[in-house]
Amino acid sequence: MSLYVVQFLTGLANASSLFLAACGLSVIFGVTRIVNFAHGAFYMLGAYVAYSLTLRLEGAFGFWAAILLAAAFVAVLGTLLEMLLLRRIYQAPELFQLLATFGVTLMVEDLVHIIWGPQDLVGPRAPGFEGAVPVFGLPVPTYDLLLIVLGPLVLGGLWLLMHRTRWGVLVRAATQDRDMVAALGVNQKWLFTGVFTLGIFLAAFGGALQIPRTAVTHQMDLTIIAEVFVVVVIGGLGSITGAFLAAVLISELNAFGILVFPGISLVLMFLVMAVVLVIRPWGFLGKPIQTGVTTIGEATRPWRPWSNTTGIAVAVAVLVAALLPVVLGSYGLSVGSQILIAVVFAMSLQFQMSTGGLDSFGHAAYFGLGAYGAAMTVEWFDLPMELALLVGPLTGLVGALVFGWFCVRLSGVYFAMLTLAFAQITWSIAFQWVEVTGGDNGILGVWPADWASSPANFYWLTLTVGVVAVLALRHLVFSPFGYRLRAVRDSTVRAEAIGISRQRTQYVAFAISGTAAGLAGALFAFLKGSIFPDVLAIPTSIDALVMVLLGGVATVSGSVVGAIVYTMASIWLMSATDLSRLVLGGFIVFLVVAFPQGIVGSLSAFVSGPFERWRTRGRTERTIAVSAEGSR
Amino acid sequence: MTSAAAKLDVARLNAFYGPIQILFDVGFSVGRGEVVALLGRNGAGKSTTFKSLMGLVDRREGEIRFEDAEISRQPTYEIARRGLGYVPEDRRVFGELTVEENLEVGRQPARDGVTTWTPERLYALFPNLAEMRRRPGGQMSGGEQQMLTISRTLMGNPSLVLLDEPSEGLAPKIIEQMADAILAMKREGLGILLSEQNLHFARLISDRAYILEKGRIRFSGTIAELEANTAVRDQYLAV
């Protein structure tokens, strides 16, 4: 009995920390419609800055002043980010907003590395809260009790702020209808800045409060962001109270899950999230959100299969690629194989994103599942490579079928966040289930069959598989299924009205995409000869996204070019600088700010804009009656 | 035309949603304390005209002079702060905010030479609202929401109000109440531009009228002139 009470209290203390981190994200999303990926980075910065300040400020007063000053300082950084970056991308598709804030996360990671060094830091304990009090004979840290009180206090304070001040009323109004608030004379610009600052203050405060409990580490940002996404999705985006309820549920589940089923508490968390989302797709207290901006611009020209000339050009390019082993050495060929694998991986995501309109932020899951599936086939069952190359895509498929069943019930940002959460769960399983996956040590000795072991032969193998996979996916885009998928993407209501099920169509696309990613993962395992949990981590998902963006979301297979360029650039970058995350993060931010409609979208708008306007002038008068007021 | 004394003077207004042009060289004016009706069938561009005035369309071109300032390039909130009030067709009441809170969102500082509205004065104008100060906007009837959205806009102390189809979907009794309220606003010296699909409601309260069809102005004159002109009414307003 006493053990349960203590676990319950520990759960509540964790819930408070989680709530502080999550509520800011929810508030920011409610008003600005931006899912701030950098929230975890600010949480981490809060902890690091608090650590440095507590070293300089002494005594009980100094400690608490340090915590609050750290949160305030980081909040100012947040204000600057909002004014300098986010204001430029409020109109951009949500995918770009997620990517830009992820770019900021990458940059912060390297900056933290430069300023505080690589080692974990242990801060001081909170003066006056060092000890423990006995509860039913078991010790409970007093600091935990403090946190248990603090969570509801912050919740109450936020409630008062939102309901008892003019600013709060304006924020709630803007959460429902931003244009109307502006039409009533409110300058949203400063409302947005204020909300963002508040949200970042809360995140940094949550991070700073962690230093008496845990070490300050570089992994804090991505660890917390995955949990925060789960909490916010379960609680309902934009709802503060929902975030609190979800934080309590998740934390208690973890606390008791460890007690009852040690080792599978993560799976439990996933199951609960799944159940909640099936019953309430928008979370406890969330509301369905209209996703205003789609990735595909209005001016997208219709896709067409390759003309004869393009077909010949592609055939020549493949032929040239097939002749490369004549000139390249083994290092060059291994880079070549890596690029080809990236091409398949990027193409699998592009199929889902461009054709399906499903912006996945967790595509690493299926790549990684394919890699682990193949590696384990060889390692644990001693089966040949040929079979492993079949098992890889199959594990990707199974993963996509399980996760996709939940994901396709949602759309827009909810979809993106859920895919990310699933990818993180897969990563945690690979990391923690040491007996099967080898944990951090990975699986070693995954070598190709003898006939494919020479660099040239393996290169030809990946080239063959890659070309077939890309052509097959392209073919699908122009098949009846591809048309259905695009119909659902462009107008869900109209597609459903002619008998096309959105969920089923997207589910199939998700499964196909996951299978192709699994195939890429399987090849990757054999190329590297070993596999680690890294392949499942967030950066892998981001790599795929950037490749698709580089090639152009509005194209059918531009990611092939994007993958080639990006993979070569990142291999070069890794060898050229220690600060690759800073450079890559800066590059992503630049990409989003400079080309808010995507590279291809921006280019085609630039080239064909005036022409399109001239061409449509004739028919506008005829279509006006339909589109004028019906278009809103 | 009262162009010299006009509060709102619009010339050669073009508006676009994406690549599609909705308004073509629209021009009209509303004088001080005048009630002007903008008539036209569903889809003629009435709502788009109002949204263009407020800067809520993708792109607009032309001249919009309000109180002797050019506002066609100004952001929405700035236009509202100059005293141009907007009551949208779909009301857009903040459903999760109470009546009091809805009014609070609209509150702006007092303006010289214009009536200053307070919640108490608005409750006197719309007694129904006074009985439901704490009720969320989402739990009100259509007529109550229409009263609330007008009151919310009046809290900004506007000198001219754009009323987009104020009688749409309301019971006859509520429509009478609405007409009384608009006349009360007129007595306070407010200019009013209202859009309507048919003459019936508009002629109770308007001084002048314009007819919009397929994004162009097709008629301009007094209500009496319009009532006399059967040909125009048949061509542009009959269903």
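- Chain B has the name ATP-binding cassette domain-containing protein in an unreviewed UniProt entry, where Jiella pacifica is given as its organism.
- The Sequence similarities (unreviewed entry) comment attached to chain B in UniProt states, word for word, "Belongs to the ABC transporter superfamily."

- Chain A goes by ABC transporter permease in an unreviewed UniProt entry, where it is assigned to Jiella pacifica.
- UniProt, in the comment section headed Sequence similarities (unreviewed entry), describes chain A in these words: "Belongs to the binding-protein-dependent transport system permease family. LivHM subfamily."
- UniProt, in its Subcellular location (unreviewed entry) section for chain A, records the words "Cell membrane".

**Comments concerning the overall build of chain A**
Stage number 1. When its secondary structure is counted, chain A shows 25 helices and 4 strands.
Stage number 2. Taken against the 2.2 N^0.38 rule, which gives 26 Å for 632 residues, the C-alpha radius of gyration of chain A at 25 Å falls within 12% of a compact globule.
Stage number 3. Overall size of chain A, expressed as C-alpha extent along the three principal axes, is 75 × 70 × 45 Å.
Stage number 4. By the burial criterion, 51% of the 632 residues in chain A qualify as buried.
Stage number 5. Taking contacts inside chain A between residues at least 6 apart in sequence as the whole, the part at least 24 apart equals 80%.

**Focus: the overall build of chain B**
Stage number 1. Within chain B, the secondary structure is distributed over 10 helices and 10 strands.
Stage number 2. Computed over its C-alpha atoms, the radius of gyration of chain B comes to 17 Å, within 12% of the 18 Å expected for a compact globule of 239 residues.
Stage number 3. Expressed as lengths along the three principal axes of its C-alpha atoms, the size of chain B is roughly 45 × 35 × 35 Å.
Stage number 4. A total of 239 residues make up chain B; the buried ones form 49% of that total.
Stage number 5. Considering only residue pairs separated by 6 or more positions, chain B has 69% of its internal contacts joining residues 24 or more positions apart.

**As for helix H1 (residues 2-32) of chain A**
All names here are of chain A.
Stage number 1. The terminal C-alpha atoms of H1, which comprises 31 residues, lie 45 Å apart, in line with the 45 Å expected from a rise of 1.5 Å per residue.
Stage number 2. Counted residue by residue, H1 has 23 buried out of 31 residues, so it is predominantly covered.
Stage number 3. The positive-phi residue at the C-terminal boundary of H1 is Arg-33, with phi of around 65 degrees.

**Some remarks on the domain arrangement of chain A**
Residues and elements named next belong to chain A.
Stage number 1. When the domains of chain A are assigned, the result is domain 1 (2-218) and domain 2 (340-576).
Stage number 2. The C-alpha centroid of domain 2 is placed 34 Å from the C-alpha centroid of domain 1.
Stage number 3. Tallied by class, the residues present in the side of domain 1 that touches domain 2 amount to 5 nonpolar, no polar and 1 charged.

**Observations regarding the confidence of the model for chain B**
Stage number 1. Averaged over chain B, the pLDDT score is 91; the fraction of residues at 70 or greater is 97%.
Stage number 2. The ipTM for the predicted assembly is 0.93, set against a pTM of 0.86.

**Considerations on the sheet that holds strand E9 (residues 208-213) of chain B**
All names here are of chain B.
Stage number 1. One open sheet holds the 6 strands; their spatial order is E6-E7-E8-E3-E9-E10, and the pairing between them is mixed. The sheet terminates laterally at strand E6 (84-87) and strand E10 (216-222), the two strands that pair on one side only. Adjacent strand axes in the sheet meet at a mean angle of 15 degrees when their direction is disregarded.
Stage number 2. As defined by bridge partners, strand E3 (residues 35-39) adjoins strand E8 (residues 191-196) across 5 bridges and the pair is classed as parallel. Across the sheet, residue Leu-39 finds its bridge partner in E8, namely Glu-196.
Stage number 3. Packing against the sheet, helix H1 (residues 46-54) makes contact with E3, E6, strand E7 (160-164), E8 and E9, and its axis sits at approximately 145 degrees to E7.

**Observations concerning the environment of Val-112 of chain A**
Residue and element names in this part refer to chain A.
Stage number 1. Counting through the fold element by element, Val-112 comes out in helix H4 (residues 94-116).
Stage number 2. Judged by C-beta crowding, with 22 C-beta atoms within 10 Å, Val-112 ranks as buried.
Stage number 3. Apart from residues lying up to four places away in sequence, Val-112 is in contact with Met-44, Tyr-48 and His-218.

**Overview of the environment of Val-335 of chain A**
Residue and element names in this part refer to chain A.
Stage number 1. Looking at where Val-335 falls in the secondary structure, it is placed in helix H13 (residues 330-355).
Stage number 2. By C-beta crowding, Val-335 is classed as partly exposed, having 15 other C-beta atoms within 10 Å.
Stage number 3. Measuring from C-alpha to C-alpha, the distance between Val-335 and Ile-571 comes to 8.5 Å, with 236 residues separating the pair along the chain.

**Some words on the pairing of E10 of chain B**
All names here are of chain B.
Stage number 1. Sheet topology places E9 next to E10; 6 bridges connect them, and they run antiparallel. Bridge pairing in E10 links Ala-209 to Gly-221.
Stage number 2. Taking the residues that link successive antiparallel strands as the turn, the E9-E10 hairpin has 2 residues, and the phi of Lys-214 there is positive, at about 45 degrees.

Cut-off values and rules
Residues numbered from 1 in each chain as written. Chains lettered and ligands numbered in written order. Predicted model: local features only at pLDDT ≥ 70, side-chain atom pairs only at ≥ 80, totals over all residues. UniProt positions renumbered as here; feature names shortened; annotations may be inferred. Helix = DSSP H or I, 4+ residues; strand = E, 2+ residues; numbered from the N terminus. Rg over C-alpha atoms; globule rule 2.2 N^0.38 Å. Buried ≥ 20, exposed ≤ 12 C-beta atoms within 10 Å, placed from the backbone. Contact = placed C-beta atoms within 7 Å. Expected span 1.5 Å × (residues − 1). Domains from an automatic or database assignment. Nonpolar A, V, L, I, M, F, W, Y, C, P; charged D, E, K, R; others polar. pLDDT = per-residue confidence, 0-100. Pairing = 2+ DSSP bridges. Axes fitted to C-alpha atoms, helices over the stretch in contact; angles between N-to-C directions.

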